[in-house]
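Secondary and tertiary structure notes
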Amino acid sequence: GRFSPFVSDGQLGYVLRPDWNGWHSHTDYHVSVRTNSLGMRGREPEPASAVSPSRFRILVLGDSFAFGFGVADGESFPQVLEHRLQAKGVSVQVLNAGVPGYSFDHHLIFLRKRLAELEPDLVVIAACENDIDDLAWSALDLGNDRLPEATRSRLRLVDRHGRLQYVNPDGVSLPQWI
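These remarks concern the structure in this document. Predicted model, so just to flag it, every value in this text is computed and none were measured. The residue numbering used here restarts from 1 in each chain and proceeds along that chain's sequence as written. Reporting of local features is limited, given that this is a predicted model, to residues whose pLDDT is at least 70; pairs of side-chain atoms are given and counted only at 80 or more, and all residues count toward the totals for whole chains, interfaces and linings. In computing side-chain properties, one takes all heavy atoms of the structure into account and sets aside hydrogens as well as water.

Our focus in this paragraph is unusual backbone geometry. Non-glycine residue Glu-119 carries a positive phi angle of around 50°. Assignment of secondary structure puts Glu-119 in the loop between helix H3 (104-118) and strand S7 (122-126). Although it is not a glycine, Arg-146 sits at a positive phi angle of roughly 65°. Comment: elements are numbered from the N terminus, with helices defined as DSSP H or I runs of at least four residues and strands as E runs of at least two. Here Arg-146 shows up in the loop between strand S8 (138-142) and strand S9 (148-153). By relative accessible area, Arg-146 is classed as exposed at 62%. When a residue's accessible area, from a 1.4 Å probe over protein chains only, is under 20% of the maximum for its type it is buried; when over 50% it is exposed; and in between it is partly exposed.

As structure tokens, then:
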């Protein structure tokens, strides 16, 4: 199917659909993309409870760079990291929690929502220069601790087919490519 891996989410605005398989095509690439039962890109990881105490677990958060926009599953940054560490003899599992369009507000909410479930030994945030601009694209709901509890995109929505669409109800200044 088309590149439609998204589903709406009350806290994060949208997330990757669990157990999705499809194609991501553009004039420059045509790659197969799959998500696992955790709603993360890549193969099914071992449950946190089954991971050996000697195995190091890394959780990579980020946007399209971490997700691996335009590359096959095994070529995404988190998978390359895992393969390179394993080649050096490190017992490691790297989880790819990158989601195209996410920014720092999404990462914080994701961690508050899923950190205990995933039990990483290390969290890596793969930030790119456009992440700063993306902060202006969201409206945040703050909790009593004044930290984000939910985010609502002012520019994006997930259509009924699971595709991310751009809208602009708040008149936000948009980059030319949109």
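With that settled, the discussion passes to the sheet that holds strand S6 (residues 92-98). A strand pair is defined by DSSP finding two or more bridges across the two strands. If you walk across this open sheet you meet the three strands as S6-S5-S7, and the pairing is parallel. The two strands at the open ends of the sheet, each matched to only one other strand, are S6 and S7. Adjacent strand axes in the sheet meet at a mean angle of 20° when their direction is disregarded. Judged from the five bridges that link them, strand S5 (residues 56-62) and S7 form a sheet pairing that is parallel. Across the sheet, the residue bridging to Gly-62 is Ala-126, located in S7. Relative to the sheet, helix H2 (residues 77-87) contacts S5, S6 and S7, its axis offset from that of S6 by approximately 170°. Contacts between H3 and the sheet are confined to S5, S6 and S7, with S5 contributing the most and set at about 155° to the helix. For helices, the axis comes from a line fit to the C-alpha atoms of the stretch in contact; other axes are also lines fit to C-alpha atoms, and the angle between any two N-to-C directions lies between 0 and 180 degrees. By the convention used here, residues are in contact when the closest approach between their heavy atoms is within 4.5 Å.

A separate point is the pattern of salt bridges. One side-chain nitrogen of Lys or Arg within 4 Å of one carboxyl oxygen of Asp or Glu is enough to make a salt bridge. Considering all chains together, one arrives at nine salt bridges under this definition. Shared partners join several salt bridges into a network, and the residues in it are Arg-34, Arg-41 and Asp-73.

Locating Ser-76 in the fold gives a position in the loop between helix H1 (64-67) and H2. With a relative accessible area of 1%, Ser-76 lands in the buried category. Think of a polar contact as two N or O atoms within 3.5 Å of one another; within protein, one of them needs to be a possible hydrogen donor and the other a possible acceptor, and neighboring residues in sequence only count if both atoms come from side chains. Only 3.2 Å separates the side chain of Ser-76 from the backbone oxygen of Asp-73, close enough to count as a polar contact. The contact partners of Ser-76, leaving out residues within four places of it in the chain, are Ala-66, Phe-67, Gly-68, Val-71 and Asn-96.

With that settled, the discussion passes to the environment of His-161. By secondary structure assignment, the location of His-161 is in the loop between strand S10 (156-158) and strand S11 (164-166). What makes His-161 partly exposed here is its relative accessible area of 39%. A C-alpha to C-alpha distance of 8.8 Å links His-161 and Val-7, two positions 154 residues apart in sequence. Setting aside anything within four residues of it in sequence, one finds His-161 in contact with Ser-4 and Arg-17.

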